[in-house]
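Chain and residue survey
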Amino acid sequence: MKRRLWLACLLAPWGTAAWANPSDAERARINRLLEAVARRTDIRFVRNGKEYSSTQAADFLRGKLQWRIEKVATMQDFIEQVGTRSTASGEVYLVRLANGQTVTSAEFLTQELRRLGKN
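The following refers to the structure shown. (Residues numbered from 1 in each chain as written. Predicted model: local features only at pLDDT ≥ 70, side-chain atom pairs only at ≥ 80, totals over all residues. Heavy atoms only, no water.)

**Describing the packing of helix α2 (residues 24-39) against helix α3 (residues 54-67)**
Between α2 and α3, the shortest axis-to-axis distance is 7 Å and the interhelical angle comes to 155°. When the interaxial angle is binned, α2 and α3 end up roughly antiparallel. Only Ser54, Thr55, Ala58, Leu61, Arg62 and Leu65 of α3 make contact with α2, whose side of the interface consists of Ile30, Leu34, Glu35, Val37 and Ala38. A class-by-class count of the residues in the contact of α2 with α3 yields seven nonpolar, two polar and two charged. (Axes fitted to C-alpha atoms, helices over the stretch in contact; angles between N-to-C directions. Helix = DSSP H or I, 4+ residues; strand = E, 2+ residues; numbered from the N terminus. Parallel < 35°, antiparallel > 145°, perpendicular 65-115°, else oblique. Contact = heavy atoms within 4.5 Å. Nonpolar A, V, L, I, M, F, W, Y, C, P; charged D, E, K, R; others polar.)

Shown next as structure tokens:
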């Protein structure tokens, strides 16, 4: 009995995250971010060593969101669970900016989110 209680306490934090689901407001924020990403024709997304257009990246992230929706309750969850790295290879997603600089997708998505908040 004590062993079961200990195991339940140990797994509880992960159990709730496994059933996360974004509210309508968070879904709207995520969609606005993805729409903004798709409009950024001056960037290239690099996923598993291959470059993609901003539109392709936004479409991919939308699909991955649907696949990982149970892990996403907030915008931060979206960035961490969907927009940061490949679940297949573990490689970090990158974004190549117009000036040639490369940043992580997490950094880019966070900056883009801040930019949207100012508009």
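Following the structure, the description resumes.
**Structural notes on the pairing of strand β1 (residues 44-47)**
Both β1 and strand β2 (residues 50-53) contribute to a ladder of four bridges, which runs antiparallel. Along β2, the bridge assignment pairs phenylalanine 45 with tyrosine 52. Counted between consecutive antiparallel strands, the loop separating β1 from β2 contains two residues, among which asparagine 48 sits at a positive phi close to 55°. Inspection of the sheet shows β1 paired to strand β3 (residues 94-96) by three bridges, in the antiparallel sense. Bridge pairing in β3 links arginine 44 to arginine 96. (Pairing = 2+ DSSP bridges.)

**Describing the pattern of salt bridges**
It is possible for side chains bearing opposite charge to pair when their charged atoms get close. The final tally for this structure, using the stated rule, is seven salt bridges. Arginine 96 is the partner of glutamate 51 in a salt bridge, and the nearest nitrogen-oxygen pair spans 2.0 Å. Here arginine 96 lies in strand β3 and glutamate 51 lies in strand β2, a separation of 45 residues in the sequence. Between arginine 62 and aspartate 59 there is a salt bridge, and its shortest N-O distance comes to 3.2 Å. Of this pair, arginine 62 and aspartate 59 are both found in helix α3, three residues apart, which corresponds to roughly one turn of the helix. Salt bridges sharing common partners tie together Arg40, Asp42, Glu112 and Arg115. (Salt bridge = Lys/Arg side-chain N within 4 Å of Asp/Glu carboxyl O.)

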